[in-house]
Amino acid sequence: MRNFRIFLLHCQQILEYKLRCFIWFLSPIQNCLILILFWLGVFSGQKQIAGWTMGSITAYYFLLTIASSMLNSHIEGDVSEFDIKKGDLVRYLLQPYPYFWRKFFEEMPWRVLQGSYGIILLTGSILIFGNFLQLNINLLNLICSLIMIILAYFISFTYKMNLGFTSFWFEDARGFHQLLEVIAIILCGEVVPLTLAPKYVQQIANLTPFPYIIYYPVTVFQGKYILTDMLKIISVQLFWLSALLILKEILWKKGIKSFTATGQ
Amino acid sequence: MFYYLRVYWRLLKINFVYLLAYRLNFINKVISSLGWGFYQIVWIELLTYKTQSVFGWSKNELIALAGSFVIFTALVHFFFSRNFQEFSRIINYGQLDEYLIKPIDSQFLLTFKIVDYSNVFRIIIGFYFVFSIMIKDHIAISLVNVMGYLALMGCGLVMTYGIWSAFSTIIIWHPQLSNLVDFLFNLNGMSRYPKEMILNTGNYLLFFLLPFTLILSTPTKILFQKTLSGDIELLLLFTIIIFIFSRWFWKFALRFYTSAS
Amino acid sequence: MLLLQVEISFTTDILWTVPTANYWFPISSRLAGLHLGLTAKLILYNQIMSIINVENLSKSFKIYKKEPGIKGSFKSLFKREYHEKKAVNNVSFNIEEGELIGFIGPNGAGKTTTLKCLSGLICPTSGKISVLGTNPFDRKREFLKKIALVMGQKSQLWWDLPAMETYLLNKDIYEINDTAFKKTLDELVDLLQVQDIINVQVRKLSLGQRMKCELICQLLHSPKVVFLDEPTIGLDVMMQKRLREFIKTYNKEHKATIILTSHYMEDVEELCKRVIIINYGEKLFDGNLADISKKFSWQKIITVVFDKPVEKEQLSILKSQIKSFDATKLVLHVERERSNKIAAQLLADFPIADLNIEEPDIQEVIRAVFAKNAKK
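Residues numbered from 1 in each chain as written. Chains lettered and ligands numbered in written order. Predicted model: local features only at pLDDT ≥ 70, side-chain atom pairs only at ≥ 80, totals over all residues.

Student: For the overall build of chain A, give the residues involved together with the corresponding values.
Tutor: The number of helices and strands found in chain A is eleven helices and zero strands. Starting at the N terminus and walking to the C terminus, you meet the elements of chain A as α-α-α-α-α-α-α-α-α-α-α. Taken over 264 residues, chain A has a buried fraction of 36%. Looking at chain A alone, contacts between residues at least 24 apart form 83% of all its contacts between residues at least 6 apart. (Helix = DSSP H or I, 4+ residues; strand = E, 2+ residues; numbered from the N terminus. Buried ≥ 20, exposed ≤ 12 C-beta atoms within 10 Å, placed from the backbone. Contact = placed C-beta atoms within 7 Å.)

See below:
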């Protein structure tokens, strides 16, 4: 009940900023549409590239837009700038409620709102561009991708929390964070689907949690995998989630000790 | 004219003093800008990995276009992007007063106050890729072409300034739109694509994106001696219209500024 | 001294005459089929006009209303309720060169809004303003070079750099030459005693030090009109006193016209001979500080110290006017007209060591005025 009330309060805050949220969503939509235009040019010469057609790549970018606005957490800025550096963390420490979950419910409304914009967009596009999109949806894909989406969000959130926690020790690591952001965008498949990238890029990507946040949930939803592959992906997601949660515990315990000791 | 040059020279000096005082911040920004600079090249490499030519542009020419984008973005950051990011905060907290009370054009002071030196290194990356592609493709590097390239890029810079200015003026009515600048960066991203991409669609609705695609396609075409079909004239026309409109719009909007107490 | 103003405007007639001084000559021009021409008007008027002239100034703002709670947020998505707030309502006054005027009023009275209209920051809804002979909202360069606006809560100094850097920038913006800059800077730094801090980062300075550096920044170009908006807010008592002394000295030495808004009465009492009282956007009083009591208060205060203890019963006639009484000291609030008579009577009837007739405390008077106005 308490969580729901916190959630509602943040929803209220968001409605005050509806125009702001709309603008936030304009960027990914614009990127998506322009990339599709680009691929139109590429596919004018050939009908298929590495198993992708114009229809499937259009669907990929649409789903990518929704997935990245819904599943990419941005909590690290809040954690490092306001909570740790400014000291607002003290406020949370005084509450009998785990910091991790508090931040989780703070961010949820934003992701839900961005996701809603995305779903409206998808429904609209299917109605308008229905013939251009190629989706292979069946019940199995749907269930598996739903599980993956939930796991993906948790992976993204935990990863970003860990990134935020580095501010306990590093005063200013923005350059490093930006580098990671660049790498993440490439390895998440946000530029091109990984199967259209060089082989070594795919191999490096599979060694990181990034494709498991965006790329695999999207391609599973598109129906590109059989059951065994999907189960493999889910198990890797569980592995990454556990690893990140363990890391989070270590960073949090050590970080809090240094935070309260220096009275930052 | 000299007055504004003198004031700008002072601003350059003050921002340099700031850089020296906050070295860690500067280093972080340099790393960040280099990262994004390389990203632009990786981005186009990935998109063209499985194809050799799109819209009449070869893969190499598209990489050079991306290199031009790296240079262009660095210049946008150097001259004015930080200032537009501050717009929302300045107007929301009524700090625009201190700009309006001075005997200098408020738009000038507001948009050129902060100079971001950290992007200078990104320019080097851009030029490296552009010229190495030219050498690879055996394109003659002539002074006229390079001057034309730089001049038209300057033109594109003026047009971008006008567009950003016009959009940011809306913040006077809606001070909470601090993320408008992120959207503007995205619009800038349009200039990575060749103009032919928009024309090919034949969709008139998309033609409002045409000015953006002219910003970098045109100078790159000059450098690579590709055929121009009225590109330069269109670019100049759009630049003049957009810039004049943005100046008028700013002066018009100031009448509605209510100044927070 | 007479002031000439030449106004040029375009009209679409063919032939006009242009008067200059004492003779007139015709000019006409045709331009490619368009009948354009120039008319130059010569306006002569007397320069003996006030440095600041405000006529029927009004300024209103639109405020949105929203119901609380999530229902209210949804409602405001579809329909927004506005109501108009009149920040300044039909205010008129004139200020001469060299005056040091105080604007008094509670929070939200309209003082800052008036100041912002006078400095050209916001456009009045109606009314006419003239400062230094021009409309401030035109924001002419020559006008802006001669005014300064110091706001207590805001600072124009670059936060992360020493104040000196901002001074150098202002030197270029206001086109101050090197000698004048050095002279003014040295004078101001000396007056405010800030030699050690102008080269320290502003973020490391205390509020008082920042305020001093801010004042210097705004006065480097030797403005003729200075608007001070709550300059002593948040400062400690010693710093307030120092700032007041500085403002007084500056006004005397440079003959600059200074308009000060404050809700600290001490600022106004110490600095201003003339005050303008504003409340709810309306001008309640414009005149000498000393006259406020006479206008708004029907009372005077008589303080009596007796030679030897007096019984309260002996003062029964004055019972209704007694404010406080102990055996040897009596404080009375009496009507203005009767004060002399009552004082004379007291001197005659009682053994008095000391007797004082005073005006009531100005702060009390003004507080009462605001309270009365609020009820209305």
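Okay, back to it.
Student: Please give an account of the overall build of chain C that cites residues and values.
Tutor: Broken down by element type, chain C carries eleven helices and 17 strands. For chain C, the share of sequence-separated contacts (at least 6 apart) that also reach a separation of at least 24 residues comes to 70%.

Student: Tell me about the environment of Gly110(C), residues and numbers included.
Tutor: Residues and elements named next belong to chain C. Position of Gly110 among the secondary structure elements: in the loop between strand S7 (100-104) and helix H2 (111-118). The spacing of Gly110 and Tyr280 is 170 residues in sequence and 6.6 Å in space, taken between C-alpha atoms. Excluding residues within four positions of it along the chain, Gly110 makes contact with Ala87, Val88, Gly105, Ile278 and Gly281.

Student: Describe in detail the interface of chain A and chain B, supporting the description with residues and values.
Tutor: Contacts between the two partners involve 28 residues from chain A, matched on the other side by 32 residues from chain B. Going through the elements one at a time, helix H2 (18-43) and helix H8 (174-187) of chain A are the ones with two or more residues in the side of chain A that touches chain B. Broken down by element, the side of chain A that touches chain B gets its largest block of residues, 13 residues, from H2(A). Its residues assigned to classes, the side of chain A that touches chain B comprises 19 nonpolar, six polar and three charged. (Nonpolar A, V, L, I, M, F, W, Y, C, P; charged D, E, K, R; others polar.)

Student: Let's hear about the interface of chain C and chain B: which residues, and what values?
Tutor: Taken together, the contact pairs 22 residues of chain C with 21 residues of chain B. Going through the elements one at a time, H2, helix H3 (141-144) and helix H4 (163-173) of chain C are the ones with two or more residues in the side of chain C that touches chain B. Of the residues in the side of chain C that touches chain B, the class split is eleven nonpolar, three polar and eight charged.

Student: I'd like a description of the nonpolar core, backed by residues and values.
Tutor: Leu63(A), Phe227(C) and Ile259(C) are the most contacted members of the largest nonpolar core, which totals 184 residues. With 16 residues, helix H3 (residues 59-92) of chain B is the single largest residue contributor to this core. Among residues more than four places away in sequence, those in contact with Ile259(C) are Ile95(C), Ile101(C), Phe103(C), Leu115(C), Phe227(C) and Leu228(C). By size, the runner-up hydrophobic cluster in this structure holds five residues, among which are Ile302(C), Val304(C), Leu330(C) and Leu332(C). (Core = buried A, V, L, I, M, F, W, Y, C linked by C-beta atoms within 7 Å.)

Student: Can you explain helix H3 (residues 54-71) of chain A? Please cite residues and give values.
Tutor: With 18 residues, H3(A) extends 25 Å between its outermost C-alpha atoms, agreeing within 8% with the 26 Å of an ideal straight helix rising 1.5 Å per residue. Counting buried positions along H3(A) yields 16 of 18 residues, so the element is predominantly enclosed. (Expected span 1.5 Å × (residues − 1).)

Student: Can you explain the sheet that holds strand S14 (residues 299-306) of chain C? Please cite residues and give values.
Tutor: All names here are of chain C. Ordered in space as S15-S16-S14-S17, the four strands form an open sheet in which the pairing is antiparallel. The open sheet is flanked by strand S15 (322-325) and strand S17 (352-358), the only strands paired with a single partner. Neighbour to neighbour, the strand axes of the sheet diverge by 15° on average, direction disregarded. The pairing of S14 with S17 spans six bridges and is classified as antiparallel. By the bridge assignment, Val305 is partnered in S17 with Asp354. Contacts from helix H10 (residues 339-349) reach S14, strand S16 (329-335) and S17 within the one sheet, and its direction differs from that of S17 by about 175°. (Pairing = 2+ DSSP bridges. Axes fitted to C-alpha atoms, helices over the stretch in contact; angles between N-to-C directions.)

Student: Tell me what's going on with the packing of helix H7 (residues 143-169) of chain B against helix H11 (residues 231-254) of chain B, and back it up with residues and numbers.
Tutor: Residue and element names in this part refer to chain B. Packing of H7 against H11 brings their axes to within 8 Å, and their N-to-C directions diverge by 30°. Taken together, the axes of H7 and H11 are roughly parallel relative to one another. H11 is crossed by H7, and the crossing has left-handed handedness. Contacts between H7 and H11 involve Leu152, Cys155, Gly156, Val158, Met159, Gly162, Ile163, Ser165, Ala166 and Thr169 from the first element and Ile232, Leu235, Leu236, Phe238, Thr239, Ile242, Phe243, Phe245, Ser246, Phe249, Trp250 and Ala253 from the second. Residue composition of the contact of H7 with H11, by class: 16 nonpolar, six polar and no charged. (Parallel < 35°, antiparallel > 145°, perpendicular 65-115°, else oblique. Left-handed = near helix turned anticlockwise from the far one by under 90°.)

Student: Residues and numbers for the environment of Leu19(B), please.
Tutor: All names here are of chain B. Within the secondary structure, Leu19 sits in helix H1 (residues 2-21). The spacing of Leu19 and Asp116 is 97 residues in sequence and 8.8 Å in space, taken between C-alpha atoms. Residues in contact with Leu19, not counting those within four places in the same chain, are Phe26 and Tyr117.

Student: Which residues make up the environment of Phe212(B), and what values do they have?
Tutor: Within the secondary structure, Phe212(B) is located in helix H10 (residues 210-223). The sequence separation of Phe212(B) and Met159(B) amounts to 53 residues, and the corresponding C-alpha distance is 8.8 Å.

Student: Could you give an account of the confidence of the model for chain C, naming the residues involved and the relevant values?
Tutor: Residue and element names in this part refer to chain C. Summarising the model, chain C shows a mean pLDDT of 80, and 82% of its residues fall at 70 or more. Taken element by element, the predicted model of chain C shows its lowest mean pLDDT in strand S2 (residues 15-20) (36) and its highest in H4 (95). Segment residues 1-47: pLDDT under 50, and 46 contacts once partners within four positions in sequence are set aside and those in other chains are kept. In the predicted assembly, ipTM is 0.88 and pTM is 0.81. (pLDDT = per-residue confidence, 0-100.)

Student: Kindly report on the confidence of the model for chain A, identifying the contributing residues and their values.
Tutor: When pLDDT drops low, the exact placement of atoms in the prediction is not to be read closely. Model confidence for chain A is summarised by a mean pLDDT of 86, while 90% of its residues fall at 70 or above. The element-level mean pLDDT for chain A is lowest in helix H1 (residues 2-16) of chain A, coming to 67, with helix H9 (residues 199-206) of chain A highest at 94.

Student: Before we move on, could you go through the packing of H3(B) against H10(B) and cite the residues and values that matter?
Tutor: Residue and element names in this part refer to chain B. Relative orientation of the contacting elements H3 and H10 amounts to 120°, with a least axis distance of 10 Å. Between H3 and H10, the crossing angle belongs to the class labelled oblique. Regarding H3 and H10, the two cross each other, and that crossing is right-handed. In this structure, H3 contributes Ala64, Leu65, Ser68, Phe69 and Phe72 to the contact, and H10 contributes Leu216, Ser217, Pro219 and Thr220. Residues of the contact of H3 with H10, tallied by class, amount to six nonpolar, three polar and no charged.

Student: Just give me the short version of the sheet that holds strand S12 (residues 274-279) of chain C, but keep the residues and values in it.
Tutor: All names here are of chain C. Strand order in the open sheet formed by six strands is S9-S10-S11-S7-S12-S13, and the pairing between neighbours is mixed. This sheet does not close on itself; its edge strands, each paired only once, are strand S9 (147-151) and strand S13 (282-288). Here the strands of the sheet are splayed against their neighbours by 15° on average, with no regard to which way each runs.

Student: Mind laying out unusual backbone geometry, listing which residues take part and the relevant values?
Tutor: In this structure, Ala50(A) is a non-glycine residue whose phi angle is positive, near 45°. Turning to its location among the elements, Ala50(A) is positioned in the loop between H2 and H3. Its 10 C-beta neighbours within 10 Å are what place Ala50(A) among the exposed residues. Here the phi dihedral of Asn90(C) falls at roughly 55°; this positive angle occurs in a residue that is not glycine.

Student: Outline the pairing of S16(C), supporting the account with residue identities and numerical values.
Tutor: Moving residue by residue along a regular strand, the side chains alternate between the two faces of the sheet. Residue and element names in this part refer to chain C. Inspection of the sheet shows S14 paired to S16 by seven bridges, in the antiparallel sense. Within S16, the residue paired with Thr303 across the bridge is Val331. In terms of strand pairing, S15 meets S16 through three bridges, oriented antiparallel. By the bridge assignment, Ile322 is partnered in S16 with Leu332.

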